[in-house]
Amino acid sequence: MAQPEVDLTKKYDAVIIGSGAAGGMAAHVLTTHGLQVLLLEAGKKLDIEKELRSMQWPYDNAHRGALPPDSHSISFNEYTIRRPPYGPGFEKSKNLYSYIGNSDCMKNIVVNERENPFTGTNYAWVRARCLGGKTNIWGRLALRLSDYDFKAKDRDGFGENWPISYSDIAPYYDKVDLYLGITGVKENLPYLPDSLFQRPTKLNCAEVTLQQGLKKMGRVLTQYRAGVTTDGLKHNKYRSRCYGRGACERKGGCDIHAAFDSPTGLIYPAMDTGNLTLRTNSTVREITVDPATGRASGVHFTDSQTMKDYTVRGKVVIVAASTLESARLLLLSKSRLYPNGLANSSGHVGHNFCEHVMGPGVAGQAKDLVGKPSTLDDGRPGGFYLARFRNLTEKNPNFIRGYGFEGGSGSSMFPAGTDQPGFGASFKEEIRKNQGSYIGMGAFGEVLARYENYVDLDPVVKDKWGVPALRFHYKIRRERAQHGQGHEGDGAGDGRGCGLQDYLCERPGPHRRMVDPRTWNRTHGK
Ligand SMILES: Cc1cc2nc3c(=O)[nH]c(=O)nc-3n(C[C@H](O)[C@H](O)[C@H](O)COP(=O)(O)OP(=O)(O)OC[C@H]3O[C@@H](n4cnc5c(N)ncnc54)[C@H](O)[C@@H]3O)c2cc1C
Ligand code: SF4
């Protein structure tokens, strides 16, 4: 694909930092409106089909798909006992990755923790430094927020309402759906608005059984709402429709791009306009400011491979380097006019840091499926989603907000249940007999935004490019319920049936733990 070279003498209409979901969308929208855009990406452009290999059999891969022996991905226990920067204690491993980088397919996508250190409190920070960022590995669950999220303060008194409501943003969700392609089923739930769905995937036997059981309790289990095009996207020649092939969940990627990723979904079509200049291996270290106007004027960046420094100018600078990297860049962009960093007159940059907790999960067995013939359940972009059911009509006295579950069942390439004790022929028979009958799900809940959860710049530690590292001050907190007054706990979960409360209030350390549905799916089938 022909693309213009970066012109350092030119003033671009816009300079975009980062090529993930946000940067890709900005590049697409601006170039289709005729603006001359420069997109700077810190990571490489990977030959992504070769990385993802979703049709590869495990026995065709060295180490059966695991990382090479000189590489290590940080485990749950290691996150618990080690403090960042992660590196000391892992001397035997040349390359060190976050927990998500535990497969051979991820090793060039997620960052090497040694080159990209951070400090402070324990945290499992997953970063993908390559063209497309985390869209290369996302789980593709594509949900809409609702006024239960935007106007949550009206319901429970905690925090602030968003300045927008669902009706403001719904037309934009509709537009995004047409780029993404979303598979799912309409449910007409006010707390989980429907998207413009394409053909849904099918629930399998155990999932339908669970769905029916939950329905009696007034809870809604629906097909996984995946950012995957099942009907195809006529306007995009870089993406194929989903053929339901390959071990979709095994690596998180789709090498025919039925699953949305920023390069094929947004950036390549933007390049076809002739208005986009893309420069990969370009680590932005500072946003420059015009002292006369006080406005952003461009960026300083370093070539990630040659270490050479450059400056480029833009009428507008769009910071789309991901939530935390964007905060880091704003804090790094100190000037006489802005001694606390750019866009930080409020002092809130880096603060109110929150994300979703994930991990607590349950697994069970559909007894009547034991011993039944295997079904072909690989090749689905997801199993099911169990929608939020707490604090919708009632007010739980112990906590505010809510949580949902992702899960699945069925047979997969690597059978479920191999962690049980056993040996030889009888062990294999037992595994075969049970493998399609397991069903499991993992919870995802909201962490409340608090000023005292924040990131700032570490005064000492720097990354490979000499840029100050981010320092975390992050803790999952719990406040006892003050009846009727809000401030009733961090996130969701009451411990009745899902264990989320135990997880939130009692377990220290990084919060991505216990059952990660993607890991769970990898070992237990979808
Ligand atoms: C394993 C995993 C599963 C997920 N599953 C889901 C899911 O099911 N549903 C969902 O909605 N979300 C999911 N997410 C979250 C989702 O992927 C992210 O929210 C989204 O991709 C963020 O987009 P972004 O553009 O803000 O950041 P990113 O995609 O991270 O892109 C930022 C880009 O900026 C680049 N960059 C960073 N610093 C610099 C710099 N200084 N100079 C130049 N470039 C820089 C990075 O290299 C990167 O390419 C998942 C994330 C992960 C990691
Ligand atoms: S099941 Fe669909 S989305 Fe998943 S890897 Fe296969 S084609 Fe891609």
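Residues numbered from 1 in each chain as written. Chains lettered and ligands numbered in written order. Predicted model: local features only at pLDDT ≥ 70, side-chain atom pairs only at ≥ 80, totals over all residues. Heavy atoms only, no water.

Caption draft 1: Just the overall build of the chain, in detail. A tally of regular secondary structure across the chain gives 13 helices and 18 strands. Looking at the chain residue by residue over its 526 residues, the buried ones come to 54%. If you take every contact in the chain between residues at least 6 apart in sequence, the share linking residues at least 24 apart comes to 69%. Accessible surface computed for the chain: about 23700 Å², of which carbon and sulfur atoms make up 54%. (Helix = DSSP H or I, 4+ residues; strand = E, 2+ residues; numbered from the N terminus. Buried < 20%, exposed > 50% of the residue type's maximum accessible area, 1.4 Å probe, protein only. Contact = heavy atoms within 4.5 Å. Areas by Shrake-Rupley, 256 points an atom, 1.4 Å probe, with all protein chains shown as cover.)

Caption draft 2: Highlighting the environment of S93. Its location among the elements puts S93 in the loop between α3 (76–81) and β4 (95–97). Separated by 25 residues in the primary sequence, S93 and P68 have C-alpha atoms spaced 9.8 Å apart. With sequence-adjacent residues up to four places away left out, S93 is seen in contact with D70, S71, H72 and R114.

Caption draft 3: Structural context of a nonpolar patch on the surface. Taken together, W57, Y59 and M413 make up a surface patch of nonpolar side chains, about 330 Å² in accessible area. Mapping Y59 onto the fold places it in the loop between α2 (48–52) and β3 (71–73). (Patch = residues over 30% accessible without salt bridge, like charges linked within 9 Å, V, L, I, M, F, W, Y side chains within 5 Å. Salt bridge = Lys/Arg side-chain N within 4 Å of Asp/Glu carboxyl O.)

Caption draft 4: Up close: the site of ligand 1. Surveying the vicinity of ligand 1 reveals 31 residues, the closest of which are A22, E41, K134, G139 and L141. The backbone of A22 places a nitrogen or oxygen atom 2.9 Å from an oxygen atom of ligand 1. The contact in question runs from an oxygen atom of ligand 1 to an N or O atom on the backbone of K134, over 2.9 Å. Contact with the protein chains covers 81% of the free accessible surface of ligand 1, which is 1000 Å². Of all the secondary-structure elements, those providing two or more residues to the shell around ligand 1 are α1 (21–32), β10 (282–290) and α10 (323–332). (Near = heavy atom within 4 Å. Polar contact = N/O pair within 3.5 Å; in protein donor to acceptor, adjacent residues only side chain to side chain.)

Caption draft 5: Quick look at the pairing of strand β1 (residues 11–17). For β1, the buried fraction is high: six of the seven residues fall into the buried class. As judged from the six bridges shared by β1 and strand β12 (residues 309–319), these two strands associate in the parallel manner. By the bridge assignment, Y12 is partnered in β12 with G314. Direction of pairing for β1 relative to strand β2 (residues 37–40): parallel, over a ladder of four bridges. Along β2, the bridge assignment pairs I17 with L40. (Pairing = 2+ DSSP bridges.)

Caption draft 6: Spatial organisation of the nonpolar core. In terms of nonpolar packing, the biggest core is built from 56 residues, with L40, I109, I137, I287, V299, V312 and F472 touching the most fellow members. Examining the composition of this core, we find that six residues originate from one element, α10, more than from any other. Not counting residues up to four positions away in its chain, the partners in contact with L40 are V15, I16, I17, G18, R279, S282, V284, V299, F301 and V312. If you look at the next biggest cluster of nonpolar residues, it comprises 16 residues, including Y148, A226, A387 and L392. (Core = buried A, V, L, I, M, F, W, Y, C linked by side-chain atoms within 4.5 Å.)

Caption draft 7: How the structure looks around the sheet that holds strand β5 (residues 119–120). Within the open sheet, the three strands sit side by side as β5-β18-β17. Their pairing is mixed. Only two strands of the sheet have a single neighbouring strand rather than two, namely β5 and β17 (454–462).

Caption draft 8: Focus on the packing of aromatic side chains. Scanning all chains against the criterion turns up 21 aromatic pairs. Between Y123 and F353, the ring centres sit 5.7 Å apart and the planes meet at 65°, which makes this aromatic pair edge-to-face. Within this pair, whereas Y123 is found in the loop between β5 and α4 (147–150), its partner F353 is found in the loop between α10 and β13 (356–365), the two being separated by 230 residues in sequence. As far as the burial class goes, Y123 and F353 line up, both buried. When the ring of Y123 is compared with that of F472, the centres are 4.7 Å apart and the planes differ by 20°; the resulting orientation is stacked. (Phe/Tyr/Trp six-rings, centres within 6.5 Å; stacked < 30°, edge-to-face > 60°.)

Caption draft 9: The sheet that holds β10, seen in detail. The mixed open sheet is built from six strands, whose spatial order is β9-β2-β1-β12-β11-β10. Every other strand in the sheet has two partners, leaving β9 (276–279) and β10 as the edge strands with one partner each. The mean angle between the axes of side-by-side strands here comes to 40°, regardless of whether they run parallel or antiparallel. (Axes fitted to C-alpha atoms, helices over the stretch in contact; angles between N-to-C directions.)

Caption draft 10: Fine view of the packing of α1 against helix α9 (residues 262–272). Contact geometry of α1 with α9 gives a least axis separation of 8 Å together with a crossing angle of 30°. As far as their axial angle goes, α9 and α1 are roughly parallel. In this structure, α1 crosses over α9, and the sense of that crossing is left-handed. Of the residues in α9, those touching α1 at A21, G24, M25, A27, H28 and T31 are S262, L266, I267, P269 and A270. Each residue belonging to the contact of α1 with α9 can be placed in one class, and the counts come to seven nonpolar, four polar and no charged. (Parallel < 35°, antiparallel > 145°, perpendicular 65-115°, else oblique. Left-handed = near helix turned anticlockwise from the far one by under 90°. Nonpolar A, V, L, I, M, F, W, Y, C, P; charged D, E, K, R; others polar.)

Caption draft 11: Representation of the site of ligand 2 in the model. Residues in close proximity to ligand 2 include V228, C242, Y243, G244, R245, C248, C254, I256, A258 and G379, which together make up its full environment. The class makeup of the residues in the shell around ligand 2 is seven nonpolar, two polar and one charged.

Caption draft 12: Region of the structure containing the pattern of salt bridges. Within this structure, the stated rule accounts for 23 salt bridges. D194 is paired through a salt bridge with R225; the nearest N and O atoms lie 2.9 Å apart. Here R225 lies in the loop between β8 (221–223) and α8 (248–251) and D194 lies in the loop between β6 (182–183) and β7 (197–198), a separation of 31 residues in the sequence. As far as the burial class goes, D194 and R225 line up, both buried.

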